[in-house]
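An overview of the molecular structure
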Amino acid sequence: MKTALIQKYNVPGPRYTSYPTVPYWNEPAFLYDNWLDSLKKSFRESNTEEGISLYIHLPFCESMCTFCGCNKRITKNHNVEHPYIEAVLKEWSLYCKLLNERPIIKEIHLGGGTPTFFSPKNLEDLINGIFSYANRAEHYEFSFEGHPNNTTHEHLQKLYDLDFRRVSFGVQDYSPVVQKAIHREQPFHNVAKVSLWAKEIGYTSISHDIIYGLPFQTADDVIDTIEKTKSLQPDRLAFYSYAHVPWIKGNGQRGFKDEDIPKDEEKRLLYQIGKELLLKNGYHEIGMDHFALKTDSLYDSFKSGNLHRNFMGYSSSKTKLMIGLGVSSISDSWYSFAQNEKNIEDYYQLLEWNKLPIFRGHSLTNEDLIIRKHILNLMCQFETSWDDDSSYFTEIPEILVQLREMEKDGLVTIQSNSIQVTDTGKPSVRNIYMAFDLLL
Ligand SMILES: C[S@@+](CC[C@H](N)C(=O)[O-])C[C@H]1O[C@@H](n2cnc3c(N)ncnc32)[C@H](O)[C@@H]1O
Ligand code: SF4
């Protein structure tokens, strides 16, 4: 991509983990009772056919990484584990009472924070507690996020015995200078050890998270990190753009200043170098920020047009209903979103009162549903067509005007009722979603 184009499309945009994105939720119009209706409707429509997904947020970390944008609580006190698991199971029991039928679970993802902060025994109690009210779907996928510094062989074995087959490890970058700046000292052998254990135990999909654009990170650091990654052959890779979020509460004393963060063209170059090396090393781009080896199931799903995306990331199975348990989790009934309290004490308090710990949400309008469909198509297939919604596109000519401009710049090709993202356009795919996003 030429420098002028890089600058033209270097417009910050949302990550689109949901559409509408959280800052554009119509919170005053969100009603708790309507959320419950949409939850029950979605459950009736999907429980026996496709099953439901569960996201469980486990917020504790022993040490603060000063780049981190996740919702977490830093503590070395492991007495917090038990009450938290009890609270999540209480929340789950409230949902199950409301749903009036045993949920059939197709997907579970344990995210954080750091799920491996919790002992294997407490994680076992959590999963067994979940299944005391629910059944497994015929085909299910259970996954978790492991921190390479504290994932033990026992964690991996226990979660494998509980049917987890996918694990992602946070790597970020191997440079000692970068690691010092982000307060995350994590030698290569820690990542190698947990990745090899996971392979030996039988995990079928091991993923690594790498970030470009971190403070002090150079092109050589990205190359070195990807070469080291290649030697471990993870099945999947997330190659994230560093999101600078200094306003996140409690991000502590950073080992870097704003000027130490690569910006604009420098950052784009890190992405370009990293992406080319990943492709050369046998990884295939399968959606925004994600790469997979040909042998990984996500690659097949991408090729066959069956890739899906929700708050938990990409997956090969589609579920209409995702219930988010734990502090700050977001639930998605397809018709509505609802988010839990972000503060652990407030979350506990509402559960003590036997209330679902929700503090805000959004009910999707018809227009939201249409736009969300197109954004998801672009995220999962790099193309979308609007045969069914053509009247919508003629009524809102601004969308096509912006897309035509992108076509001139070589980012997309437009047919009568569809667009495809070109290879040149893939790094700017977020700008292409933004053309559909009328709320922006
Ligand atoms: C919850 S963490 C992973 C599990 C575990 N806590 C760990 O750090 O290994 C999820 C991932 O989010 C990504 N992440 C967190 N903050 C980010 C930021 N500000 N910009 C980009 N990616 C970020 C990191 O790649 C991280 O591995
Ligand atoms: S990156 Fe992971 S370990 Fe570090 S603070 Fe964030 S959630 Fe915790």
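Since the model is a prediction, treat every value here as computed from it, not as a measurement.

This brings us to the overall build of the protein. Counting its regular elements, the protein contains 15 helices and 19 strands. Against the 2.2 N^0.38 benchmark of 22 Å for 440 residues, the protein shows a C-alpha radius of gyration of 21 Å, consistent with a compact globule. Each principal axis of the C-alpha atoms in the protein carries an extent, and together these give about 55 × 55 × 40 Å. Residues counted as buried form 56% of the 440 residues belonging to the protein. Sequence separation of 24 or more characterises 74% of the internal contacts of the protein that already satisfy a separation of 6 or more. When the accessible surface of the protein is summed, it comes to about 19100 Å², and 51% of that surface belongs to carbon and sulfur atoms. Here the protein holds 47 positive side-chain charges and 58 negative ones, and the gap between their average locations is 2 Å.

This paragraph deals with the packing of aromatic side chains. Under the defined criterion, the tally for this structure stands at 21 aromatic pairs. Look at Tyr-212 and Phe-239: their rings are 4.9 Å apart centre to centre, the planes differ by 45°, and that puts the pair in the tilted class. Of this pair, Tyr-212 sits in strand 7 (residues 205–212) while Phe-239 sits in strand 8 (residues 236–241); the two residues are 27 residues apart in sequence, bridging distant segments of the chain. Across the pair, Phe-239 and Tyr-212 agree in class, each one buried.

We now examine the site of ligand 1. Around ligand 1 there are 20 residues in total, and Phe-67, Gln-172, Arg-184, Asp-209 and Ala-243 lie nearest to it. A distance of 2.7 Å separates an oxygen atom of ligand 1 from a polar side-chain atom of Gln-172. Between Arg-184 and ligand 1, the recorded distance is 2.7 Å, taken from a side-chain N or O atom to an oxygen atom. Calculation on ligand 1 without its partners gives an accessible area of 560 Å², and the protein chains cover 91% of this total. Here the shell around ligand 1 is built from residues that sort into 8 nonpolar, 9 polar and 3 charged.

Once that is clear, we can look at the packing of helix 7 (residues 188–201) against helix 8 (residues 219–232). Closest axis-to-axis distance for the helix 7/helix 8 pair is 10 Å, and the angle between their directions is 25°. Relative to helix 8, the element helix 7 lies roughly parallel. Both helix 7 and helix 8 take part in a crossing whose hand is right-handed. Along the contact surface, helix 7 presents Phe-188, Val-191, Ala-192, Ser-195 and Lys-199, while helix 8 presents Lys-228, Ser-231 and Leu-232. Of the residues contributing to the contact of helix 7 with helix 8, the split by class is 4 nonpolar, 2 polar and 2 charged.

Turning our attention to the site of ligand 2. Ligand 2 sits among Cys-61, Cys-65, Phe-67, Cys-68, Gly-113, Thr-114, His-147 and Arg-184. Per-class residue counts for the shell around ligand 2 are 4 nonpolar, 3 polar and 1 charged.

Strand order in the open sheet formed by 3 strands is 17-19-18, with antiparallel pairing between adjacent strands. With partners counted over all chains shown, the strands left at the sheet margins are strand 17 (383–385) and strand 18 (412–415), one partner each. Averaged over all pairs of adjacent strands, the angle between strand axes in this sheet comes to 10°, irrespective of strand direction. In this fold helix 14 (residues 397–408) packs onto strand 18 and strand 19 (418–421), with an angle of close to 125° to the strand it touches most, strand 18. Here helix 15 (residues 429–436) sits on the sheet in contact with strand 17, strand 18 and strand 19, set at roughly 160° to strand 19.

The next thing to look at is the packing of helix 8 against helix 9 (residues 264–280). Helix packing for two helices is described by the angle between their axes and how far apart those axes are. Where helix 8 contacts helix 9, the axes come no closer than 9 Å and their chain directions differ by 25°. Considering the angle they form, helix 8 stands roughly parallel to helix 9. Where helix 8 crosses over helix 9, the two elements pack in a sense that is right-handed. Contacts between helix 8 and helix 9 involve Ala-219, Val-222, Ile-223, Ile-226 and Glu-227 on the former and, on the latter, Leu-270, Ile-273, Gly-274, Leu-277 and Leu-278. A per-class count over the contact of helix 8 with helix 9 returns 8 nonpolar, 1 polar and 1 charged.

Moving on to the layout of surface pockets. Roughly 420 Å³ of volume is contained in the second largest pocket. Taken together, 27 residues form the lining of the second largest pocket, with His-308, Arg-309, Lys-318, Trp-334 and Leu-376 sitting closest to its centre. Broken down by secondary-structure element, the contributors of at least two residues to the lining of the second largest pocket are strand 11 (308–310) and helix 12 (366–381). With 8 residues, helix 12 is the single largest residue contributor to the lining of the second largest pocket. Residues belonging to the lining of the second largest pocket are distributed by class as follows: 11 nonpolar, 10 polar and 6 charged.

Criteria and thresholds
Residues numbered from 1 in each chain as written. Chains lettered and ligands numbered in written order. Predicted model: local features only at pLDDT ≥ 70, side-chain atom pairs only at ≥ 80, totals over all residues. Heavy atoms only, no water. Helix = DSSP H or I, 4+ residues; strand = E, 2+ residues; numbered from the N terminus. Rg over C-alpha atoms; globule rule 2.2 N^0.38 Å. Buried < 20%, exposed > 50% of the residue type's maximum accessible area, 1.4 Å probe, protein only. Contact = heavy atoms within 4.5 Å. Areas by Shrake-Rupley, 256 points an atom, 1.4 Å probe, with all protein chains shown as cover. Lys, Arg positive; Asp, Glu negative; His and termini not counted. Charge placed at Lys NZ, Arg CZ, Asp CG, Glu CD. Phe/Tyr/Trp six-rings, centres within 6.5 Å; stacked < 30°, edge-to-face > 60°. Near = heavy atom within 4 Å. Polar contact = N/O pair within 3.5 Å; in protein donor to acceptor, adjacent residues only side chain to side chain. Nonpolar A, V, L, I, M, F, W, Y, C, P; charged D, E, K, R; others polar. Axes fitted to C-alpha atoms, helices over the stretch in contact; angles between N-to-C directions. Parallel < 35°, antiparallel > 145°, perpendicular 65-115°, else oblique. Left-handed = near helix turned anticlockwise from the far one by under 90°. Pairing = 2+ DSSP bridges. 1 Å grid on protein atoms, 1.4 Å probe; cavity = no way out; pocket = protein on both sides within 12 Å on 5 of 7 lines; lining within 4 Å. Points joined across faces, edges and corners; volume = space filled by probe spheres on them.

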